[in-house]
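# Descriptive analysis of the structure
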Amino acid sequence: MAVANVQVSETPLVLYTLRRADDALILGHRLSEWCGHAPTLEEDMALANMGLDLLGQARELYSYAAKVESKDNDEDKFAYLRDVRQYRNLLLVEQPNGDFARTMVRQFFYAAFADLYWRAMMQSKDATLAAIAAKSEKESAYHLRHSSEWIIRLGDGSEESHRRAQTAIDDLWSFTGEMFAVDDSERGLIDAGIAIDPAPPHAQWLRTITTVVNEATLALPASNWMQQGGRSGRHSEHLGHLLSELQSLQRTFPGATW
Amino acid sequence: MYTQALNTSDADDRNVEDAARAAAFQARIDVDERIEPNDWMPAAYRKTLTRQISQHAHSEIVGMLPEGNWITRAPTLRRKAALLAKVQDECGHGLYLYAAAETLGTSREELVDAMLAGKAKYSSIFNYPTLTWADIGTIGWLVDGAAIMNQIPLCRCSYGPYARAMIRVCKEESFHQRQGFEIMLMLCRGTDEQKAMAQDALNRWWWPVLMMFGPPDKVSQHSDTSTKWKIKRFSNDELRQKFVDATVPQAQFLGLTIPDPEMKQDEAGYWVPGPIDWEEFKQVLAGNGPCNRDRLAARRKAHDEGAWVRAAAAAYAEKRKRRQFAQAAE
Amino acid sequence: MATPNSPLWEVFIRSRNGLAHKHVGSLHAADATLALQAARDIYTRRGEGLSIWVVPSSAITASDPAEKGMMFEPAESKIYRHPTFYDVPEEVGHM
């Protein structure tokens, strides 16, 4: 018996919350793939810590989305019983780990954004979102610090690490624009003071990453062409494989409790 | 945290030591004094401990792999977080243990290289595959349960850094076995398929877990010196018996059958298992377990693919030092 | 090829305000910044800390256990340094 996908009533607030939850889950899942395979034991610990932070953020956001939706859904139904087209995360966070440089660049781009974004969201008129933001901001601030230190070491370390870090930046750059995009659904929430307008933090984000990238003797690409689609469920091919792994037990054993 | 009695005796080396110092050393051990890194110690004590602690560390790190195999497939977000935290703990425990071993004078890199070269042993249990989610429950319940039996006495081991590492490990591990048992409980209260999954996992893991305590006392060659040095406080068979007696009622609570038709309770109330297949144990230790090659390959891959990262960090540190030096000279 | 050694660091953690930093363990890191981050990631996962020091292990100068007698035993006979050495009548009260 196949397990049907859950239906989600994507009101603007549910959709908004799910998008942030999906970002956190998918990136946390990616980081958890490193567990047992990192370049040093110390870094294995660090990657798992960041993964656990993100997993925690995802769970709080899913629970809130379920509460707002007031249907039969919960954190696990959102995570395990939505198909690739129902997932709302950024394309950036679903990109495969690749080598350590790629993982760190992905983390760096996202954390530099999330840090600003959560900080702004602490002022949300929605008390739950503001509380989640206050907790998440401290986590993303550390993720930014951690990944920045590595970007500097990889960029300004050996020839090989420089090359790998630059390649990762070049390859992932086109996925960064989506973080700052707003659609109609979010526009209303922004006007109501609930959601955060990601446009204002863009300049600050660019300053932050430029400073680190310069110190790392790396360069940001000149291209401004940006990929979009994750927010509306048009993903890269990678996400389907991630989900088939993530969801395998729930899909294989319908209705079982774990 | 997984240790296993794998050591062979180094008693011969002791002959070359100064007899008076050796006697004074033993006297300290006898009054339960702790030995610290800079203290004089017999070469054989150093060698035995270096090997035991590093094997213990290797076991933690290799032990991340079978459970890590299910992090991306954990069936709920709660289970996923718990499993990731648990496997991460094992990494931490490996790290504490390598640090304890290093105080005896061998670098972590050297110890790890020996493991990757296949020259150092780690616990045989991690050479078995995790096939279903129930294996994750079983590992927490039984493998961690067996490990706890082994490691609690190690908190009083005569070597200070090892004992301190073990205290930290035991404190952190307190949730691991409960985590596993909870998974088993959910499965055993679940659908028929889930119950069958739990029983199947127990069937596959039971005997390998009993082997974790090492060969029977009558053939174990090295327990004497380790006992005298208070590295080991209970024999393999004593610990195994303690484990079996603790586990049988838990299995009964779960409604699972221990896959040992010969097991019976003796008059004193102890559960006596049937004969253990020590040939299988020997083969797994010799590299012929179902996953020995996969485990080593995975660790080598992580090590090799991390080499450029470690080199980059070292190169950057060197550059920074030079820059600071140049600045200071200006 | 043998793996090159990376520097060893000792980690000290202040668990609560008002307490001194206490040695908790060691780790490997290429430089001080990475060592501090690693100490946070390894040794404060369960809310154990409010402040961290990392010190290169090589920077520690240790006393020699073989000189224990010379170093520490002379202090043991100076019992007049302890308050219990002095007799003060009970009726004087706490002093």
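A brief structural summary. Everything numeric here is computed off the predicted structure, so don't read it as measured data.

### Quick notes on the interface of chain A and chain C
Counting from both sides, the interface comprises 10 residues of chain A and, opposite them, 11 residues of chain C. For the pairing of chain A and chain C, the buried interface totals around 1,000 Å² over both sides, and the portion due to carbon and sulfur atoms is 54%. Together, E42(A), M45(A) and Y142(A) form the three largest contributors to the area buried by chain A at its contact with chain C, with a combined 52%. Where chain A meets chain C, there are one salt bridge. Put simply, R153(A) and D31(C) hold a salt bridge, and the shortest N to O gap is 2.8 Å. On inspection of chain A and its partner chain C, the count reaches six residue pairs in polar contact (both at pLDDT 80 or more). Listed by contribution, the elements that provide at least two residues to the side of chain A that touches chain C are α2 (41–69) and α6 (127–155) of chain A.

### Considerations on the environment of A81(B)
When you line up the elements, A81(B) lands in helix α3 (residues 77–102). Measuring from C-alpha to C-alpha, the distance between A81(B) and I258(B) comes to 30 Å, with 177 residues separating the pair along the chain. Apart from residues no more than four positions distant in its own chain, A81(B) is found in contact with L52(A), L55(A) and R59(A).

### Some words on the sheet that holds strand β1 (residues 8–14) of chain C
All names here are of chain C. Taken in spatial order, the three strands of this open sheet run β2-β1-β3, and their pairing is antiparallel. At either end of the open sheet lies a strand with only one pairing partner, and these are β2 (22–28) and β3 (51–56). Strand-to-strand twist across the sheet, computed as the mean angle between neighbouring axes with direction ignored, equals 30°. Relative to β2, β1 runs antiparallel, the two being bridged by six bridges. Of the residues in β2, the one forming a bridge with L8 is H28. Sitting on the sheet, helix α1 (residues 32–43) is in contact with β1, β2 and β3, with an inclination near 115° to β2.

### Description of the interface of chain A and chain B
Between chain A and chain B, the residue contacts involve 48 residues of the former and 43 residues of the latter. With both sides pooled, the region where chain A packs onto chain B buries about 4,100 Å², and carbon together with sulfur makes up 68% of that total. Of all residues in chain A, L41(A), M45(A) and W258(A) bury the most surface against chain B, accounting for 18% of the area lost on that side. If you look at where chain A meets chain B, you find three salt bridges. Summed over the shared surface of chain A and chain B, the result is 16 residue pairs in polar contact (both at pLDDT 80 or more). Here the element with the most residues in the side of chain A that touches chain B is α2(A); it accounts for 11 residues. Here the side of chain A that touches chain B is composed, by residue class, of 22 nonpolar, 13 polar and 13 charged.

### Some thoughts on unusual backbone geometry
With a phi angle near 55°, S70(A) is a residue other than glycine that sits in the positive phi range. By the secondary structure assignment, S70(A) is in the loop between α2 and α3 (75–80). With a phi angle near 65°, D32(B) is a residue other than glycine that sits in the positive phi range. Mapping D32(B) onto the fold places it in the loop between α1 (19–30) and α2 (43–68).

How each quantity is defined
Residues numbered from 1 in each chain as written. Chains lettered and ligands numbered in written order. Predicted model: local features only at pLDDT ≥ 70, side-chain atom pairs only at ≥ 80, totals over all residues. Heavy atoms only, no water. Contact = heavy atoms within 4.5 Å. Buried area = accessible area lost by both parts, 1.4 Å probe. Salt bridge = Lys/Arg side-chain N within 4 Å of Asp/Glu carboxyl O. Polar contact = N/O pair within 3.5 Å; in protein donor to acceptor, adjacent residues only side chain to side chain. Helix = DSSP H or I, 4+ residues; strand = E, 2+ residues; numbered from the N terminus. Pairing = 2+ DSSP bridges. Axes fitted to C-alpha atoms, helices over the stretch in contact; angles between N-to-C directions. Nonpolar A, V, L, I, M, F, W, Y, C, P; charged D, E, K, R; others polar.

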